[in-house]
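Each chain, letter by letter, is given below.
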Amino acid sequence: MTSGSGMADINLANIKTIDGVDVAGKRILVRADLNVPVDDGAVADATRIERVLPTIKSLTKAGAKVVLMSHFGRPKGERSPETSLKPVAAKLAELLCTDVQFFDDCVGPEIEAGVALLKDGDVALLENLRYHAGETKNDTGFAKQLAALGDIYVDDAFSCAHRAHASVEAIAHLMPAYAGMAMMAEINALSAALEDPKRPVMAVVGGAKVSTKIEVLTNLAQRMDMIVVGGGMANTFLFADGVDVGKSLCEPDFVQTVKEIAEKAKISGCEIVLPVDVVVADSLAEGVETSVCGVDEIPPDALALDQGPASVAMLKDKLKEVQTILWNGPLGAFEITPFGTATFALAQAAADRSKAGTLVSVAGGGDTVRALNMAGAADKFTYISTAGGAFLEWLAGKQLPGVIVLAGDTNPKQSAVALSLIHISETTRPNEPSRMPSSD
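Bear in mind that the values here come from a model prediction, so they are computed numbers and not experimental data.

Undergrad: So what about the overall build of the chain? Which residues, and what values?
TA: Scanning the chain for helices and strands turns up 15 helices and 17 strands. The C-alpha radius of gyration computed for the chain amounts to 23 Å, which stays within 12% of the reference 22 Å derived for 440 residues, consistent with globular compactness. Principal axes of the C-alpha set define a box for the chain whose edges measure 70 × 45 × 40 Å. Sequence separation of 24 or more characterises 78% of the internal contacts of the chain that already satisfy a separation of 6 or more. Carbon and sulfur atoms form 50% of the exposed surface of the chain, whose accessible area is close to 17700 Å². Separation between the mean location of the 39 positive side-chain charges and that of the 56 negative ones in the chain comes to 4 Å.

Undergrad: How would you explain the confidence of the model for the chain if you had to name every residue and give the values?
TA: Summarising the model, the chain shows a mean pLDDT of 90, and 91% of its residues fall at 70 or more. Scored below 50 in pLDDT, residues 409-439 shows 81 contacts in the model against residues more than four places distant or in partner chains.

Undergrad: How would you sum up the packing of helix 1 (residues 47-61) against helix 6 (residues 181-195)? Please name residues and give values.
TA: The interhelical angle for the contact between helix 1 and helix 6, taken along N-to-C directions, is 130°, at an axis separation of 7 Å. Between helix 1 and helix 6, the angle falls in the class oblique. Contacts from Arg 51, Pro 54, Thr 55 and Ser 58 in helix 1 reach Met 181, Ala 182 and Glu 186 in helix 6. Classifying every residue of the contact of helix 1 with helix 6 by side-chain character gives three nonpolar, two polar and two charged.

Undergrad: Give me the lowdown on the environment of Leu 126, citing residues and values where you can.
TA: Mapped onto the secondary structure, Leu 126 falls in the loop between strand 6 (123-125) and helix 4 (133-136). Residue class for Leu 126 comes out buried when judged on its relative accessible area of 0%. Taking the C-alpha atoms as reference, Leu 126 lies 7.9 Å from Leu 85; in sequence the two are 41 residues apart. If sequence neighbours within four positions are ignored, Leu 126 has contacts with Val 67, Leu 68, Met 69, Leu 85, Phe 102, Phe 103, Asp 105, Cys 106, Ile 111 and Leu 149.

Undergrad: Explain the pairing of strand 4 (residues 65-69) to me, using residue names and the numbers behind them.
TA: Burial analysis of strand 4 places five of its five residues in the buried class, the great majority of the element. Side chains Lys 65, Val 67 and Met 69 project from strand 4 onto one buried face, and the interleaved Val 66 and Leu 68 project onto a second face that is buried too. Bridge count for strand 1 (residues 27-31) against strand 4 is five bridges, and the pairing is parallel. Of the residues in strand 4, the one forming a bridge with Arg 27 is Lys 65. In the sheet, strand 4 pairs with strand 6 via three bridges, with the strands oriented parallel. The partner of Val 66 across the bridge, within strand 6, is Val 123.

Undergrad: So what about the nonpolar core? Which residues, and what values?
TA: As a rule of thumb, soluble globular proteins bury nonpolar side chains together. Judged by nonpolar contacts, the single largest core of 85 residues is most densely connected at Ile 15, Phe 158, Ile 171, Ile 187, Leu 220 and Ile 227. When residues in this core are grouped by element, the largest group, eight residues, is from helix 6. Apart from the residues lying within four places of it in its own chain, the contact partners of Phe 158 are Met 183, Glu 186, Ile 187, Leu 190, Ala 387, Ala 390, Phe 391, Trp 394, Leu 400 and Val 403. Ranked by size, the runner-up nonpolar core spans 32 residues in total, among them Met 226, Leu 319, Ala 350 and Ala 378.

Undergrad: Could you give an account of the pattern of salt bridges, with specific residues and numbers?
TA: The full count for this structure, using the stated rule, is 13 salt bridges. For Arg 27, the salt bridge identified is with Asp 151, shortest N-O distance 3.5 Å. In this pair, Arg 27 is assigned in strand 1 and Asp 151 in the loop between helix 5 (140-147) and strand 7 (152-155), connecting sequence segments 124 residues apart. Taking the shortest distance from any N to any O, the salt bridge between Glu 215 and Lys 398 comes out at 3.1 Å. Of this pair, Glu 215 sits in helix 7 (residues 214-221) while Lys 398 is found in the loop between helix 13 (389-395) and helix 14 (401-407), placing the two residues 183 residues apart along the sequence.

Undergrad: Please provide a residue-by-residue account of the environment of Ala 189, values included.
TA: When you line up the elements, Ala 189 lands in helix 6. Separated by 216 residues in the primary sequence, Ala 189 and Val 405 have C-alpha atoms spaced 19 Å apart. Ignoring anything within four residues of it in the chain, the contact list for Ala 189 reads Val 362 and Tyr 383.

Undergrad: Give a detailed account of the sheet that holds strand 7, specifying residues and quantitative values.
TA: Sheet architecture is open: six strands sit in the order 5-6-4-1-7-8, paired in parallel fashion. Either end of the sheet is taken by a strand with one partner, and the two such strands are strand 5 (100-102) and strand 8 (177-179). Averaged over all pairs of adjacent strands, the angle between their axes in this sheet comes to 25°, without regard to strand direction. Along the sheet, helix 1 makes contact with strand 1, strand 4, strand 6 and strand 7, crossing strand 4 at roughly 155°.

Undergrad: Describe in detail the environment of Tyr 131, supporting the description with residues and values.
TA: Structurally, the position occupied by Tyr 131 is in the loop between strand 6 and helix 4. Tyr 131 sits in the buried class, given a relative accessible area of 8%. Taking the C-alpha atoms as reference, Tyr 131 lies 40 Å from Phe 254; in sequence the two are 123 residues apart. With residues up to four places along the chain from it excluded, the contact list for Tyr 131 reads Pro 75, Gly 77, Glu 78, Arg 79, Ser 80, Thr 83 and Ser 84. Within the structure, the side chain of Tyr 131 is placed 2.9 Å from the backbone oxygen of Ser 80, a separation counted as a polar contact. In terms of polar contacts, Tyr 131 uses its side chain to reach the backbone amide nitrogen of Ser 84, at 3.2 Å.

Reading the values: the criteria
Residues numbered from 1 in each chain as written. Predicted model: local features only at pLDDT ≥ 70, side-chain atom pairs only at ≥ 80, totals over all residues. Heavy atoms only, no water. Helix = DSSP H or I, 4+ residues; strand = E, 2+ residues; numbered from the N terminus. Rg over C-alpha atoms; globule rule 2.2 N^0.38 Å. Contact = heavy atoms within 4.5 Å. Areas by Shrake-Rupley, 256 points an atom, 1.4 Å probe, with all protein chains shown as cover. Lys, Arg positive; Asp, Glu negative; His and termini not counted. Charge placed at Lys NZ, Arg CZ, Asp CG, Glu CD. pLDDT = per-residue confidence, 0-100. Axes fitted to C-alpha atoms, helices over the stretch in contact; angles between N-to-C directions. Parallel < 35°, antiparallel > 145°, perpendicular 65-115°, else oblique. Nonpolar A, V, L, I, M, F, W, Y, C, P; charged D, E, K, R; others polar. Buried < 20%, exposed > 50% of the residue type's maximum accessible area, 1.4 Å probe, protein only. Pairing = 2+ DSSP bridges. Core = buried A, V, L, I, M, F, W, Y, C linked by side-chain atoms within 4.5 Å. Salt bridge = Lys/Arg side-chain N within 4 Å of Asp/Glu carboxyl O. Polar contact = N/O pair within 3.5 Å; in protein donor to acceptor, adjacent residues only side chain to side chain.

Given below as structure tokens:
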């Protein structure tokens, strides 16, 4: 396999973690992703908040003053009640079983004065970073205002790492910068599946359209030993091979792209695995009449909506050959019964091997997480990512600004501090939510 580019070119071993750092009495600015769903003024799903709790608890236990910052929604530089982080502060206090001070802004003299009054072990949350246009513009002046609030910066928001924003990228050049526990868990999991995986390694890439995952497929074709193509994407691959897919979702305009991806895979020795049979129906609806047929026998008026039993048996056999699986996207229209059968079957097989310790399994993406939860498999996977865009961009081989700045020795202040590289502490494997807002 070729090494590809992107994150593979970054020396991730240079990233420093908070383990062993003397934080007692210091103000620690923690960038978290607290962009959680809020209904009627209350947090409806606290998974992203729960992800950052280990870092917060570790810092407060060590005597730090923790100042949390996050974006929330897309206020575009303007305040609005529905984009305030105040409800998140209440949920944080509940989960931490301690008071959380909420500041009604994130920069300025009043905020600096308020933060200066924090005591050791205190936790505070700043108001939405995106109330200031400088955040999304990666403005150095805004980053300096944020940096004035703390002594040390900790990034614990991998889901925001693909954004070159002031609280993610610019600020890390201005003060000693470290990765939090959740950030390192994501980085280590993706590194284990992509940069230095136990081989053979299988990628499962599903979804409706090839056009949305061209870069992901192109990168993985040069790095995986096997790619299982699922969902509507598989129809386009089959169509490119001359198969008549009836009325199934297909993108004829991307046939050439599919052929180029297949050629790259062939050169790299990566096997592209397509279904050999499919479950078809006249429409995508609950309780509709279905039948199974070979991929070369799809009726002209039918829709291929899931992979068939022969395909599932084949995939289970191939799964036995691999030591690592990287999963992004379902094999069929799993949201509608019975078109989740193939996805759930493969998920359960991967979960069983993961639980037995014979498979490293890493999965990410909203539909994937939902499907694995429906299959009862998510809690057995080695790691489930909630990162969304950052997860996909890493799969596509792109460099993530929030990771690059932590791995690079570009910070004069940080370079002057005697810091030793300490590897990630083991974190618990979380269960995942069925719904999650965009990390954008």
